[in-house]
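Residue-level structure breakdown
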Amino acid sequence: MLHSEQLNTDGHVDFVMDDGRILATQEFQSPEELYHELIEKVRMYHPSDDISLIEKAYQVANAAHKDQVRKSGEPYIIHPLCVAIILAELEMDKETIAAGLLHDVVEDTALTSEELGAQFGEEVELLVDGVTKLQSLSLSSEGASLQSADKVEIQAENLRKMFLAMAKDIRVILIKLADRLHNMRTLKHMPPAKQQRIARETLDIYCPIAQRLGISKIKVELDDLSLKYLEPDIYYDLAHKIAMRKSERENFIANIVDEVSREIDEAGIEAKIDGRIKHFFSIYKKMKNQNKTLDQIYDLFAVRIIVNSVKDCYAALGVIHEMYKPIPGRFKDYIAMPKANMYQSLHTTLIAGNGQPFEIQIRTFDMHRVAEYGIAAHWKYKEASDGKEPEAQEEEKLTWLRQILEWQQDMSDNKEFLNLLKSDLDLFSDSVYCFTPTGEVKNLPAGSTPIDFAYSIHSAVGNKMIGARVNGKLVTIDYEIQNGDRIEVITSQNSKGPSRDWLNICKSTQAKNKINQWFKAELKDVNITKGKELLTVYCKQKGINMPELMKPKYVEAIQAKYGFHDWDSVLAAIGHGGLKEGQIINRMLELYDKDHKQKMTDEEVLAAVAENAQNKSVQIRPKSGIIVKGIHDVDVHFSKCCSPVPGDEIVGFVTRGRGISIHRTDCINIINLPEDERSRMIEAEWLAGENDKSEYTADIVIYANDRSGLLADVTKAFTEKGINIISLNTRTSKQGIATMELSFQVGGREQMRAMVDKIRTIESVLDIERTSG
């Protein structure tokens, strides 16, 4: 069902499917036809004839989405069916396909997650729940109603949640990728601004994830579709120029395939051979990286030779190099040195008899399957519930994900996390391969230096590095590593640690993160002093009375907003550049102004008294501890989606017939509230009470590496703090990640934070988050 490009009569590009259908101009297929297509695809690869789970999922989804239509006017059920077909093309297990059919049911219909679990089992329920949570996350920095700093905070937090969801079960992101692919195929029905936003998010986040997981089958189509909406002029210009000489190019490829097939056959090598023009984004990337025009890109064509064994790969390479003249420096052996996503092939660029350069890729059938399906290949030909551990290659692909989870634990600064992540997900970056003295292969970003190499081994090696040898010769630390270099790091226990200049020299995200972490730990006192100075200078320049802002109330509010445990940590963050001094002072000024409103004149007081008869601030039931402004005699209740506790910033929402629900201001449901509903939001605040002994329900989720005694350690921590647990649910993924959902009673935010801090000290705990909608 994946597409190729074809220029139609009006000068635009249609999307032509593998079976020849033109997606852009065809009539909608009926759901029944699509369902039969899905079942046929599943039966082509799945060893079991039992499709009852998929059939039941289709029936439930069809009934749940009845009478719903998409922007295109087609029945909504077509979308989950197309998502399921994409998953079937990846040859996924039946549970994943069922979850693909049901992925919008909980979000868009009255069906609950618990009802799904009862009908389809816990595995399908968890997959659907994971995808549903991802649906509500805004991964782009759009959002007109938010300040730019808040956009970064929310975007980074949502990305953190997405990677945690991936860690729990990688199939969640595979369903999301299939969902995004079908949405991109039908993006023409959206307004232009939304097309741009979704295409940018796809290119920045989803395309790199598909690449890291090795799923080229999805990645190349997402690339091209993103380019179509982000750079339409470039896209259609490429399409037009390639189509102009389409028949000539097709004849060239056909001749090469015929010549190669004849020689390979004569050599006694059994092979499947085909040729193609490279996809648009690949061509655009070469043009941009190399600053060239289309005419200057010589390897537009690629011929693929697929053989039975690694031995045949090198034998075929010998035949090819005997037939055509190879271009020096254009041979890459990804079989001996696989890419980070475990892609393997031999790549060689050659000159044809007519002087036209072209590329040949040689791989085995197993390598081809891994290149096309990536991490999804793990589920091919087997049930998902067979309990087998992922193969070594799949484990390698997930190394990148584990590294990101480590960053999440190391970083409290969301802006820094976001910058590192976007740098790591850069689609336009290339790789370089080098060796340790023991022969281990290291894969680093192109342009890397010995600093990057040292930190790729261990942070202790990087921190103690004083020099390096490359191929036995001493080099400077800014030496640019070349493919095949053998690198030895020289360390000294007397080293004073990395230099700040290293941050400008090193290339890899991993090295920059570890160097920054060292400076934060080693230079905290210096950063605190620098942070104080920056705040003082800023206040003097703006004529702000700084002591008025440094009251405990405002200091604690800043610590709570940015997730720091003490004021020194805030100052240190300002000192090393993680936070801007203006950002902090302006926030404190807002809080100060809120408490020090200008005194009203006599006339204003009389007017306010008259108005208050109609619309006054009232204290709603002392036991609720909430003051709601402007509403009289209305029931107030706490929202269960985010469970606010005293100390949280809160807002009221006027419901239809159920009074006012109180939410945290960072609740996902409030952040994603439609514009036409925002008028129902109302100011609310906690009623100060020194003797208030009320208890409130707090909800958190703990993620940890599963081990014996983990549950006992967690419950013991609550007992030692004297906190009552109301409910506790725990489950463990196949990857060994334990998820604990807890509800407990606290007197306020400070008590809850103390509890969370204690849990973080427990061995194997990875992350803790409050539920936020």
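Heads up: the structure comes first, above all this text.
A quick note: this is a predicted structure, and the numbers were derived from the prediction, not measured. Position labels on residues start from 1 in each chain and follow its written sequence. Residues qualify for local features only when their pLDDT is at least 70, as the model is predicted, and side-chain atom pairs are given and counted only at 80 or more; totals for whole chains, interfaces and linings, by contrast, use all residues. With hydrogens and water set aside, each side-chain value is computed from the structure's full complement of heavy atoms.

**Focus: the overall build of the protein chain**
Strands here mean DSSP runs of E at least two residues long; helices mean DSSP runs of H or I at least four residues long; both are numbered from the N terminus. Of regular secondary structure, the protein chain possesses 32 helices and 22 strands. Out of the 773 residues belonging to the protein chain, those deemed buried represent 49%. Every residue pair with non-hydrogen atoms within 4.5 Å of one another is taken to be in contact. Residue pairs in contact within the protein chain that sit at least 24 positions apart in sequence constitute 66% of those at least 6 positions apart. In this description, accessible areas are obtained by the Shrake-Rupley approach with a 1.4 Å probe, and a residue is regarded as covered only by the protein chains that are shown. Of the roughly 37,000 Å² of accessible surface on the protein chain, a fraction of 49% belongs to carbon and sulfur atoms. Any residue under 20% of the maximum accessible area for its type is buried, any over 50% is exposed, and the rest in between are partly exposed; the area is computed with a 1.4 Å probe on protein chains only.

**So, the packing of aromatic side chains**
Working definition: rings of Phe, Tyr and Trp (its six-membered ring) pair if their centres are within 6.5 Å, and the pair is stacked with planes under 30 degrees apart, edge-to-face with planes over 60 apart, and tilted otherwise. On inspection of all chains with the given rule, the structure shows 12 aromatic pairs. Aromatic pair Tyr-324 and Phe-358: ring centres 5.2 Å apart, planes at 90°, arrangement edge-to-face. Of this pair, Tyr-324 sits in the loop between helix 15 (310-323) and strand 5 (325-333) while Phe-358 sits in strand 7 (residues 357-364); the two residues are 34 residues apart in sequence, bridging distant segments of the chain. Here a set of aromatic residues connected by ring pairs shows up, and it is made of Tyr-235, Tyr-236 and Phe-280. Here the guanidinium or amino end of Lys-56 rests over the ring plane of Phe-120, the centre of that ring lying 5.2 Å away. Look at NZ for Lys and CZ for Arg. If either is within 6 Å of the ring centre and within 35 degrees of the ring normal, a charge sits over the ring.

**Some points on helix 31 (residues 710-721)**
Here helix 31 contains 12 residues, and its C-alpha end-to-end distance of 17 Å stays within 8% of the 16 Å for a straight helix at 1.5 Å per residue. Among all positions of helix 31, only Leu-710, Val-714, Ala-717 and Phe-718 are buried. Seen end-on, helix 31 carries its buried residues on one side only, within an arc spanning 95°. For helix 31, exposure combined with an orientation more than 90 degrees from the buried face picks out Lys-716, Thr-719 and Glu-720. In this structure, the buried residues of helix 31 make contact with strand 19 (696-705), strand 20 (725-732), strand 21 (737-746) and helix 32 (749-760). One or two residues past the end of helix 31 sits Gly-722, with phi positive at roughly 70°. Helices are assigned an expected span. That span is 1.5 Å times one less than the residue count. In this context, the arc is that of the directions from the helix axis out to the C-beta atoms.

**So, the pairing of strand 21**
The two faces of the sheet receive side chains in turn, since in a regular strand these alternate between them. With eight of 10 residues buried, strand 21 is to be regarded as a mostly interior element. Here, a strand pair is defined by DSSP locating no fewer than two bridges between the strands. Sheet analysis places strand 20 next to strand 21, joined by seven bridges and oriented antiparallel. Across the sheet, Ile-725 pairs through a bridge with Phe-744, a residue of strand 21. The turn joining strand 20 and strand 21, which pair antiparallel and follow one another in sequence, is formed by four residues; a positive phi near 85° is taken by Gly-736.

**Looking at unusual backbone geometry**
For Ser-643, which is not glycine, the phi dihedral falls at a positive 45°. With respect to the secondary-structure elements, Ser-643 resides in the loop between strand 15 (636-638) and strand 16 (650-654). Even without being a glycine, Ser-764 presents a positive backbone phi close to 80°. Position of Ser-764 relative to the elements: it lies in the loop between helix 32 and strand 22 (765-770).

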